[in-house]
Amino acid sequence: MVGWGAPLPGTPLPLSLPDAVAESDHGGAALVLIELGLVFLVLAVVGRVAARVGIPSVPLYLLAGVLMGEGGFIPVNAGEEFLEVGAQIGVVLLLLLLGLEYTPDDLKVGLRTTWKAGIVDAVVNGTPGFAMGLILGWSVTASLLLGGVTYVSSSGIVARLLDDFDRLANRETPTVLSLLVMEDIVMALYLPIMAVLLVGASLAQGATAAAIAIAAVAAALFISFRFSRHVSRLVQSHSRELLLLGVLGLAFLVAGLAEAVQVSAAVGAFLLGLTLSGQVADQVRALLPPLRDVFGGIFFVFFGITIDPRDLIPVAGPVLILAVVTAVTKVGTGAWAARRSGIGPKGQWRAGLSLVPHGEFSIVIAGLGTAAGAHSQLGPVAAGYVLVLAIGGSLLMRYADRLPVPGVLKRPPTQGVTRAVTR
């Protein structure tokens, strides 16, 4: 007699879970859901670890992605297409909310007061990456990409940490934010030009793409300066659901159009964030962060998945050299800009350390180059570089007030400047 629950004679033995999923009629969908469930659970765990340690979750998300990619411990294959789309959504939301942190007036004042520091920032911090690329034997285009990776600080990480550490009201913070805005605007011109170079376009095509990028950015800035209230009124609604639908619809539309003219979806979203103002901006800043954090996490995880952890070992030397050199140059740039604004030594020190973390735009640049096949080591170098500076820079920001201020940081001149403060 066959026991209760035993298979009938001639019935095949039960399959294991992966085999059962593969054999089922909806095996593909089931496997995607299982992998996505694992990804989100991993994000939840590493996010808790980051909160417990007191560092941002971004570098741990990136590390988790590396461990789930090819050569990792939990390979993700079936859900990769969903993660790719989710990563694109994450970039749009990250930069949209970043743009919402600024008003057109903030942008005007920042550009007027820190444009010299912005030029110094680009030259001093982009040169090490470009030089390292040439030293490693990369092409000029790949080296320019690495220069972009080392140049641009993480606006998302820095803005979040300034809030977490209660420094938004500090006297040096406007200088830091102004430099970050300038970097993001430079990205609006840099990314489309690099996209043209990567496809091997002619000089005329490159000039045309640059002109289109400049025109698109100028038009977006003009709209944000002159018609900000009208755009905000267009999406304004007392219903949170309708407000989110309107803002997200506009954000994805602008990002898609920006991508179509090779300006970058990320930059399009950032410029839209600049345009929205008033009550709409306040409401969106309150509603969108959870959604941004989820899809932003997917963005960093997806980039990590594209990196084989075994590829990080050969580039460890260049990564550490770049991390140390550019940490010093970023601190110097931020301190110099703060000194020009009349900030005291402690404020200069905090301003410099606040520019060390790198993140979303560095990964966007590396992703652009990796997709175009610029150089096989660009992705691993960028991933390792962001890991080191996102974690190290976050810790430096956290303990900035406990670290001794270098003697080279002098008090700012008192003539024509408000008396320096040391807060």
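Residues numbered from 1 in each chain as written. Predicted model: local features only at pLDDT ≥ 70, side-chain atom pairs only at ≥ 80, totals over all residues. Heavy atoms only, no water.

1. Things to note about the overall build of the chain
(1) Moving on: What the chain contains, in helices and strands, is 18 helices and zero strands.
(2) Moving on: A fraction of 83% describes how many contacts in the chain between residues 6 or more apart in sequence connect residues 24 or more apart.
(3) Moving on: For the chain, the exposed surface amounts to about 20,100 Å²; the carbon and sulfur share of it is 66%. (Helix = DSSP H or I, 4+ residues; strand = E, 2+ residues; numbered from the N terminus. Contact = heavy atoms within 4.5 Å. Areas by Shrake-Rupley, 256 points an atom, 1.4 Å probe, with all protein chains shown as cover.)

2. Considering the environment of Phe 300
(1) Moving on: Relative to the helices and strands, Phe 300 resides in helix α14 (residues 289-305).
(2) Moving on: Taking the C-alpha atoms as reference points, Phe 300 and Ser 57, 243 residues apart in sequence, are found 9.9 Å from one another.
(3) Moving on: Aside from chain neighbours lying at most four places away, what touches Phe 300 is Val 58, Tyr 61, Leu 62, Leu 94, Gly 359, Glu 360 and Ile 363.

3. Some thoughts on the confidence of the model for the chain
(1) Moving on: Taken over all residues, the pLDDT of the chain has a mean of 80, while the share at 70 or more is 85%.
(2) Moving on: No element of the chain has a lower mean pLDDT than helix α1 (residues 17-23), which averages 48, and none a higher one than helix α15 (residues 316-340), which averages 95.
(3) Moving on: Predicted confidence is poor over residues 1-18, with pLDDT under 50, and the contacts of this stretch with residues over four places away or in other chains come to four contacts.
(4) Moving on: Counting interchain partners and residues more than four positions distant, the pLDDT-below-50 stretch residues 414-423 has 23 contacts. (pLDDT = per-residue confidence, 0-100.)

4. Brief notes about the nonpolar core
What tends to happen in soluble globular proteins is that the nonpolar side chains get buried as a cluster.
(1) Moving on: Residues Leu 95 and Phe 361 are the most contacted members of the largest nonpolar core, which totals 118 residues.
(2) Moving on: Residues within four places of Leu 95 in sequence aside, it is in contact with Ala 266, Ala 269, Phe 270, Glu 360 and Phe 361. (Core = buried A, V, L, I, M, F, W, Y, C linked by side-chain atoms within 4.5 Å. Buried < 20%, exposed > 50% of the residue type's maximum accessible area, 1.4 Å probe, protein only.)

5. Some remarks on the packing of α14 against helix α17 (residues 360-371)
(1) Moving on: It is the contact of α14 with α17, at a shortest axis distance of 11 Å, that shows an interaxial angle of 40°. Judged on the interaxial angle alone, α17 and α14 are oblique. When you trace α14 past α17, the crossing you get is left-handed. Note on element contacts: α17 touches α14 through Glu 360, Ile 363, Val 364, Ala 366 and Gly 367, opposite Phe 299, Phe 300 and Phe 303.
(2) Moving on: Here the residues of the contact of α14 with α17 are counted per class, giving six nonpolar, one polar and one charged. (Axes fitted to C-alpha atoms, helices over the stretch in contact; angles between N-to-C directions. Parallel < 35°, antiparallel > 145°, perpendicular 65-115°, else oblique. Left-handed = near helix turned anticlockwise from the far one by under 90°. Nonpolar A, V, L, I, M, F, W, Y, C, P; charged D, E, K, R; others polar.)

6. A word on the pattern of salt bridges
(1) Moving on: Using the criterion set out here, one finds six salt bridges in the structure.
(2) Moving on: A salt bridge links Arg 350 to Glu 172, with the nearest nitrogen and oxygen atoms 2.9 Å apart. Of the two residues, Arg 350 is situated in helix α16 (residues 345-354) and Glu 172 in the loop between α7 (155-164) and α8 (173-198); the sequence distance between them amounts to 178 residues.
(3) Moving on: Residue Glu 172 is classed as buried on the basis of its relative accessible area of 3%.
(4) Moving on: The salt bridge involving Asp 282 is made with Arg 285; its shortest N-O contact spans 2.3 Å. Separated by three residues within a single helix, Asp 282 and Arg 285 lie in helix α13 (residues 278-287), roughly one turn from each other.
(5) Moving on: Asp 282 sits in the partly exposed class, given a relative accessible area of 45%. (Salt bridge = Lys/Arg side-chain N within 4 Å of Asp/Glu carboxyl O.)

7. Topic: the packing of aromatic side chains
(1) Moving on: For the structure shown, the criterion picks out one aromatic pair.
(2) Moving on: Each ring, one from Phe 299 and one from Phe 300, has its centre 4.9 Å from the other, and the planes form 65°; the classification is edge-to-face. A single burial state applies to Phe 299 and to Phe 300, both of which are buried. (Phe/Tyr/Trp six-rings, centres within 6.5 Å; stacked < 30°, edge-to-face > 60°.)

8. Examining α13
(1) Moving on: Of the positions making up α13, those classed as buried are Val 280, Ala 281 and Val 284. Along the axis of α13, the buried positions cluster into a sector of 95°, meaning they face one direction only. Within α13, the exposed residues directed more than 90 degrees away from the buried face are Gln 279 and Ala 286.
(2) Moving on: The secondary structure elements touched by the buried residues of α13 are α4 (80-100), α10 (228-235), α11 (240-260) and α14. (Arc of directions from axis to C-beta.)

9. Quick notes on empty space enclosed by the protein
(1) Moving on: Inspection of the entire model under this criterion finds one cavity of 30 Å³ or more.
(2) Moving on: For the largest cavity, the calculated volume is near 30 Å³.
(3) Moving on: Taken together, Thr 113, Thr 114, Ala 117, Ala 337 and Arg 340 make up the lining of the largest cavity.
(4) Moving on: Top element by residues in the lining of the largest cavity is helix α5 (residues 104-135). It accounts for three residues.
(5) Moving on: Tallied by class, the residues present in the lining of the largest cavity amount to two nonpolar, two polar and one charged. (1 Å grid on protein atoms, 1.4 Å probe; cavity = no way out; pocket = protein on both sides within 12 Å on 5 of 7 lines; lining within 4 Å. Points joined across faces, edges and corners; volume = space filled by probe spheres on them.)

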